2 protein chains.
Amino acid sequence: MNPLSKLVFELSKLPGIGEKTATRLAYFILNQDASYSDSLSQALRDAKAKLKLCAQCFNFAEANNEGSALCEICSDINRDQNQICVVERPSDVTPIERTGTYKGVYHVLHGLLSPLDGIGPEDIKLKEILVRLKTVDTREVIFALNPSVEGEATTLYLSRLLKPIGIKLSQVAYGIPFGGTIEFTDRQTLGKALENRVEMQGPK
Amino acid sequence: MNPLSKLVFELSKLPGIGEKTATRLAYFILNQDASYSDSLSQALRDAKAKLKLCAQCFNFAEANNEGSALCEICSDINRDQNQICVVERPSDVTPIERTGTYKGVYHVLHGLLSPLDGIGPEDIKLKEILVRLKTVDTREVIFALNPSVEGEATTLYLSRLLKPIGIKLSQVAYGIPFGGTIEFTDRQTLGKALENRVEMQGPK
């Protein structure tokens, strides 16, 4: 395989990048200064080599010299280490951080329970949160999993495991998105929005 | 910048890849085996390091040990070396090759004349085709540039330079695309299609 076809081949393995887009990207890269392909190439190696999973929350974190890692959030003394938000993937952390309102820490499951796909409790970071709760004094566990069959099954399974420990458990609200309309909201979302309705404060 | 942000930053320089897509790609890469980031990283370096411009047609070609290059098409003795198709970019060669009907060779201009953008005859591989025509006995030059103001200006400019040499000059047909409809064909295309109408053969 010649170097161009090889580059197209590797690029087209990326999600959402077909052969046409990969070809366009490859030609773009060839037309740039060599410094660009060098720094992208280096960034790829570095990301994979230097990023490990945080020993506490399993988000990606830069490894220290001993090869172990503690992420920026877990090592931040200004964060509330007693409030844990459970998410499916590392990429779910960024949008929650962007809200600027959450000051606790995270626990990344790296997947959801899905018996049909053969993904059971052993395949995701479930027992790790139980271990963590035994060592760190925790006030609240917030579930922020996607509103899907797998997300709900995982929330249910984990909340049943955690209930006996006696920690406060909560779940992010599912409802009509900001900017959405009643008319075009799907049945499930509208059902959840009605179920989770909030009592209004009367005029003072 | 941490390795993850650095990777997102480098990926988001690619055309059509915003920060969101770059983040998605970066997480995908992190979730793959290290062999993938390694081979993509290597493919990037190789493509930039090993690919030079073909000494004859200026398409990308794998460089030999001396650092010079002759592309697969120019070095193929089964191709008609006396018929040259002029294209704007290396990426224009692939779709023409895919038709399977063209057996000649190419000349890649690496740009189109565009006085407004300050791109003149010196900035693209124009004089190179004149040099080439002096050394290689050529039967026909086919223009296959995009039907744009710049494409037409370049075709006109180059055809005027080539006319005195007395070689046959031709241009790919611009017209209604296969599968298109008269109703939804734009004014310019329809104008060209009428202008370039082909006389029909009567029944035999």
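Right above here is the structure, for reference.
On a predicted model such as this, the values are computed, not experimentally measured, just so you know. (Residues numbered from 1 in each chain as written. Chains lettered and ligands numbered in written order. Predicted model: local features only at pLDDT ≥ 70, side-chain atom pairs only at ≥ 80, totals over all residues. Heavy atoms only, no water.)

Draft legend 1. Spotlight on the pattern of salt bridges. Across all of its chains, the model carries 17 salt bridges over all chains by this definition. Here Lys 6 of chain A and Glu 10 of chain A are joined by a salt bridge, their closest N and O atoms 2.8 Å apart. With Lys 6 of chain A and Glu 10 of chain A both in helix 1 (residues 3–11), this residue pair falls 4 residues apart, about one helical turn. With a closest N to O distance of 3.7 Å, Arg 45 of chain A and Asp 38 of chain B form a salt bridge. Here Arg 45 of chain A is found in helix 3 (residues 34–50), whereas its partner Asp 38 of chain B is found in helix 3 (residues 34–50) on a different chain. A relative accessible area of 36% places Asp 38 of chain B in the partly exposed class. (Salt bridge = Lys/Arg side-chain N within 4 Å of Asp/Glu carboxyl O. Helix = DSSP H or I, 4+ residues; strand = E, 2+ residues; numbered from the N terminus. Buried < 20%, exposed > 50% of the residue type's maximum accessible area, 1.4 Å probe, protein only.)

Draft legend 2. Representation of the environment of Asn 196 of chain A within the structure. Relative to the elements of secondary structure, Asn 196 of chain A occurs in the segment after helix 7 (187–195). The spatial distance from the C-alpha of Asn 196 of chain A to the C-alpha of Gly 175 of chain A is 7.7 Å, given a sequence separation of 21 residues.

Draft legend 3. Broad picture of the relation of the copies chain A and chain B. Once turned by 180° and shifted 0.0 Å along the axis, chain A lies on chain B with an RMSD of 0.1 Å. Overall, the copies show the geometry of a two-fold rotation axis. Closest to the rotation axis within chain A is the C-alpha of Ser 41 of chain A, separated from it by 2.2 Å. (Least-squares fit on C-alpha atoms with pLDDT ≥ 70 in both.)

Draft legend 4. Main features of the interface of chain A and chain B. Contacts between chain A and chain B engage 44 residues on the former and 44 residues on the latter. When the two sides are added together, the surface that chain A and chain B hide from each other amounts to roughly 4,100 Å², 68% of it contributed by carbon and sulfur. When the buried surface of chain A facing chain B is broken down by residue, Pro 3, Leu 44 and Lys 48 of chain A rank first, second and third, together holding 16% of it. For the interface between chain A and chain B, the tally reads 13 residue pairs in polar contact (both at pLDDT 80 or more). For the side of chain A that touches chain B, the secondary-structure elements that each account for two or more residues are helix 1, helix 2 (19–31), helix 3, strand 2 (60–62) and helix 4 (93–99) of chain A. Looking at the side of chain A that touches chain B, the element that brings in the most residues is helix 3 of chain A, giving 15 residues. Taken together, the residues of the side of chain A that touches chain B break down into 21 nonpolar, 9 polar and 14 charged. (Contact = heavy atoms within 4.5 Å. Buried area = accessible area lost by both parts, 1.4 Å probe. Polar contact = N/O pair within 3.5 Å; in protein donor to acceptor, adjacent residues only side chain to side chain. Nonpolar A, V, L, I, M, F, W, Y, C, P; charged D, E, K, R; others polar.)

Read these as geometric descriptors, not functional statements.
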